[in-house]
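Here is what each chain is made of, one letter per residue.
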Amino acid sequence: DGGITQSPKYLFRKEGQNVTLSCEQNLNHDAMYWYRQDPGQGLRLIYYSQIVNDFQKGDIAEGYSVSREKKESFPLTVTSAQKNPTAFYLCASSIGVGSGYTFGSGTRLTVV
Amino acid sequence: AQSVTQLDSQVPVFEEAPVELRCNYSSSVSVYLFWYVQYPNQGLQLLLKYLSGSTLVKGINGFEAEFNKSQTSFHLRKPSVHISDTAEYFCAVSLTTDSWGKLQFGAGTQVVVTP
């Protein structure tokens, strides 16, 4: 079955460390997105990409980085510059305008 | 720029009672509208969407929504809820002119169904 796989489901990070969240899709979707979810704040866009080797900053890109070397993969790195990284991170993909998104099951990141 | 407002942060409802979740949007151009559901510690799942045509849209799990252009609203309804409908619900919009189809989400409405 086609879908989006996010891994790991839970991730713990020490302060000062970079961590990378994986997002893989086999839907042949061009567009991929990363969102951050905090209680009561809805979903906030971190980065998005529509084609390989190209991506755009979203509303809260500071402290994050991404790459898009393959159509299927859009990993997100949470760097030590992100001051408050504890959150639920969601990856999504889309086939284009009006189609909506397909979401992964999320990664919960906790700083310890 | 567009914005989405979900008017209720939490809606308590008894099992088998009806529920309505309110969503208003603002945009200078026409939009596509979506409702998603999120169960605890999971991703979001599409309930329904409005692109064009009939303003009453039916979705999965017995949900429906009505697009009202004059009131810029897209309220979600279900005539009889089940315990399993306990979840968070998100309204989202995208501009018809945005070729990337990026979604702007509301803050979410938590629905709690009790026996």
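Below: a short report on this structure.

Rules and cut-offs
Residues numbered from 1 in each chain as written. Chains lettered and ligands numbered in written order. Predicted model: local features only at pLDDT ≥ 70, side-chain atom pairs only at ≥ 80, totals over all residues. Heavy atoms only, no water. Helix = DSSP H or I, 4+ residues; strand = E, 2+ residues; numbered from the N terminus. Rg over C-alpha atoms; globule rule 2.2 N^0.38 Å. Buried < 20%, exposed > 50% of the residue type's maximum accessible area, 1.4 Å probe, protein only. Contact = heavy atoms within 4.5 Å. Buried area = accessible area lost by both parts, 1.4 Å probe. Salt bridge = Lys/Arg side-chain N within 4 Å of Asp/Glu carboxyl O. Pairing = 2+ DSSP bridges. Axes fitted to C-alpha atoms, helices over the stretch in contact; angles between N-to-C directions.

**Considering the overall build of chain B**
Here is step 1: Looking only at helices and strands, one finds 0 helices and 12 strands in chain B.
Here is step 2: In chain B, the succession of α and β elements from N to C terminus is β-β-β-β-β-β-β-β-β-β-β-β.
Here is step 3: Relative to the 2.2 N^0.38 estimate, which gives 13 Å for 115 residues, the radius of gyration of chain B is 14 Å and therefore close to what a compact globule would have.
Here is step 4: Principal-axis analysis of the C-alpha atoms gives chain B an extent of 45 × 30 × 20 Å.

**Here we look at unusual backbone geometry**
Here is step 1: Cis geometry is found at the peptide bond from Ser7(A) to Pro8(A), where omega equals -10°.
Here is step 2: Examined against the element boundaries, Pro8(A) turns out to sit in the loop between strand S1 (4–7) and strand S2 (10–13).
Here is step 3: With a phi angle near 75°, Glu16(B) is a residue other than glycine that sits in the positive phi range.
Here is step 4: Of note, Glu16(B) is situated in the loop between strand S2 (10–14) and strand S3 (19–21).
Here is step 5: Using a relative accessible area of 60% as the deciding quantity, one classes Glu16(B) as exposed.

**Description of the interface of chain A and chain B**
Interface extent is often summarised as the accessible area lost during association of the parts.
Here is step 1: Contacts between chain A and chain B engage 26 residues on the former and 23 residues on the latter.
Here is step 2: Across the interface of chain A and chain B, roughly 1900 Å² is buried in total on both sides, 57% from carbon and sulfur atoms.
Here is step 3: Our enumeration of links across chain A and chain B arrives at 0 salt bridges.
Here is step 4: Mapped by element, the contributors of at least two residues to the side of chain A that touches chain B are strand S4 (31–37), strand S5 (43–51), strand S6 (54–57) and strand S9 (87–94) of chain A.
Here is step 5: Considering each element in turn, the side of chain A that touches chain B owes the most residues, 5 residues, to S5(A).

**Topic: the sheet that holds strand S8 (residues 76–78) of chain A**
All names here are of chain A.
Here is step 1: The strand order across the open sheet built from 4 strands is S1-S3-S8-S7, with neighbouring strands paired in antiparallel fashion. In this open sheet, the two edge strands, each paired with only one partner strand, are S1 and strand S7 (64–66). Between one strand and the next, the sheet's axes are offset by a mean angle of 20°, whatever the strand orientation.
Here is step 2: Here strand S3 (residues 19–25) pairs with S8 via 3 bridges, running antiparallel. Directly across from valine 19, in S8, lies its bridge partner valine 78.

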